[in-house]
Amino acid sequence: MQPPAYYLLAAPFYHLGDGASLPVRLLLVRMLSVILAAVATACAYLFVRELIPGSRWPARAGALALALQPIFMFNESGVNSDALVVAVAAAVALVVARAWRRGLTTSHALALGALTGVGVLSKVNFLLLLPSIALAVCALWWGAGAGARRAAALRLAGAAAVALALLGLYVLVDDVAWHRTTTFRQAAYSVQGGGVGRLLSHVWQFFLPALPSMQLRLTNGGAPPVWDELVKGSTSRLGWWNDYGLPSGWATLALLLVALVALGAARWLLPRVRRRPGPPLVAAGCALAFLGALVVADYQYGLGTGASGIEGRYIFPLAPLWAVTVGACVAGVPARRRPLVTGVLASAFVLYTVVALATTVQRYYL
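Everything in this summary refers to the structure shown in the same document. (Residues numbered from 1 in each chain as written. Predicted model: local features only at pLDDT ≥ 70, side-chain atom pairs only at ≥ 80, totals over all residues. Heavy atoms only, no water.)

## Remarks on helix α12 (residues 278-305)
Logical step 1: Between its first and last C-alpha atoms α12 spans 40 Å; for 28 residues at 1.5 Å apiece the expected length is 40 Å, and the two agree.
Logical step 2: Just downstream of α12 lies G306, where phi reads positive at about 80 degrees. (Helix = DSSP H or I, 4+ residues; strand = E, 2+ residues; numbered from the N terminus. Expected span 1.5 Å × (residues − 1).)

## Here's the deal with the side chain of E76
Logical step 1: Tracing the backbone through its elements, the reader meets E76 in helix α4 (residues 70-76).
Logical step 2: Of the side chains with opposite charge, R313 lies nearest to the buried E76, which makes no salt bridge, at 8.5 Å.
Logical step 3: Side-chain polar atoms of E76 contact the side chain of N75, separated by 3.2 Å.
Logical step 4: When neighbours within four sequence positions are excluded, E76 is seen to be in contact with S33, V34, L36, A37, D82, A83 and V86. (Buried < 20%, exposed > 50% of the residue type's maximum accessible area, 1.4 Å probe, protein only. Lys, Arg positive; Asp, Glu negative; His and termini not counted. Salt bridge = Lys/Arg side-chain N within 4 Å of Asp/Glu carboxyl O. Polar contact = N/O pair within 3.5 Å; in protein donor to acceptor, adjacent residues only side chain to side chain. Contact = heavy atoms within 4.5 Å.)

## Concerning the pattern of salt bridges
Logical step 1: Applying the stated criterion across every chain, the model contains seven salt bridges.
Logical step 2: Between R101 and E50 there is a salt bridge, with its nearest N and O atoms 3.1 Å apart. With R101 in helix α5 (residues 82-102) and E50 in helix α2 (residues 22-51), this residue pair connects regions lying 51 residues apart in the sequence.
Logical step 3: Assessed through its relative accessible area of 4%, E50 is described here as buried.
Logical step 4: In this structure, E311 engages R313 in a salt bridge whose closest nitrogen and oxygen atoms are separated by 2.5 Å. We note that E311, like R313, is buried.

## Concerning the packing of α5 against helix α6 (residues 106-120)
In a pair of packed helices, the angle between the axes and the distance between the axes together describe the arrangement.
Logical step 1: Close contact between α5 and α6 brings their axes to 10 Å; oriented N to C, the two are set at 160 degrees. Relative to α6, α5 is oriented roughly antiparallel. When the axes of α5 and α6 are compared, the crossing they make is left-handed. Residues V88, A91, V92, V95, V96, R98, A99 and R102 of α5 touch α6, and the partners they reach there are H108, A111, L112, L115, V118 and G119.
Logical step 2: Grouping the constituent residues of the contact of α5 with α6 by class yields 10 nonpolar, two polar and two charged. (Axes fitted to C-alpha atoms, helices over the stretch in contact; angles between N-to-C directions. Parallel < 35°, antiparallel > 145°, perpendicular 65-115°, else oblique. Left-handed = near helix turned anticlockwise from the far one by under 90°. Nonpolar A, V, L, I, M, F, W, Y, C, P; charged D, E, K, R; others polar.)

## Describing helix α9 (residues 195-207)
Logical step 1: In this model, α9 (13 residues) spans 19 Å end to end at C-alpha, consistent with the 18 Å of a helix rising 1.5 Å per residue.
Logical step 2: Listed in full, the buried residues belonging to α9 are S201, H202, Q205 and F206. For α9, the buried positions fall inside an angular range of 140 degrees around the axis, keeping them on one side. Across from the buried face of α9, at angles greater than 90 degrees, the exposed residues are V196, G197 and L200.
Logical step 3: Those residues of α9 that are buried lie in contact with α10 (225-235) and α12. (Arc of directions from axis to C-beta.)

## Notes on a nonpolar patch on the surface
Logical step 1: A cluster of nonpolar side chains, namely W250, L253, L256, L260, L263 and L351, defines an oily patch on the protein surface of about 610 Å² accessible area.
Logical step 2: Given the relative accessible area of 60%, L263 is considered exposed. (Patch = residues over 30% accessible without salt bridge, like charges linked within 9 Å, V, L, I, M, F, W, Y side chains within 5 Å. Areas by Shrake-Rupley, 256 points an atom, 1.4 Å probe, with all protein chains shown as cover.)

## Overview of the environment of C286
Logical step 1: Position of C286 relative to the elements: it lies in helix α12.
Logical step 2: Taking the relative accessible area as the measure of exposure, C286 reaches 15% and is therefore buried.
Logical step 3: Each C-alpha atom of the pair C286 and G249 lies 33 Å from the other, and the pair is 37 residues apart in sequence.

Fair warning: the whole summary comes from geometry, so function is off the table for now.
Right under this line is the structure:
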């Protein structure tokens, strides 16, 4: 059973269309998802501005990279609670970045607690972000310095209280108004067992080909899921759940663009990591914690269903990291060339989007 936050936000949009046809009313609800996509994009822009200060062009490039990503656009334009998850995740990343650079204030802590509470009430998938948020919170507490850690701990305790209060309110309404027991666990996750060895084998096969001694994953064979379901699923497959995809040549070009952007970002980032390794290591740790939680959840889902539950759209809570990667690529060129590089990247993203739209039109209308 999914939490209700997205649908509570969607209800007023739906009722705006009272008397209209169902497609019109659903179109109004889709406008909520578009607004949430705009919120996620704005947060990504501000996130890059926090991490790469001094020029607006890296932030502009990062925001465009997110806004013009076809699978992101498809996911964020439907009646889909993932839109709220992605928006809240981007807002959490922004609050953490500001708290890291400017110091953990009471307002930062309370905003982080409120966002976490709303995120938990948005969709079960948000629970996969909790290990990453916990790691970021620990980093903020430690980074406050020996003399300020007690005050930071009190502020973070307040943040936890706000998040738990929102969850408690939901549990109370569930019991009193809807007469049901609150649960975030789907029936597919109710199967127990499997063992540590099987879990480790599943994790290995998620990222790498199976060794001869390993039992194959619960899903069908083929390429490791990190490539087949996450990378390709989030860059070149369209539709609700990998229904169809870009022509193979275009998909290869899209992945080549991603690789070039990553190399450009590494050129700017590596010298700064040597001088101040803390922030990049925390960001990498948060990303790995999220991926680890996603793999474990997929393992539990597979025990109950015999199939994988991974979809490319589940990676979009990490969208701010993609935006800052593009931003770092632009920041790595001389200042006078940043507008040009941003324009070239934006043109590539627009072409990517046009090809995806043409592929969709060809599938459904030609």
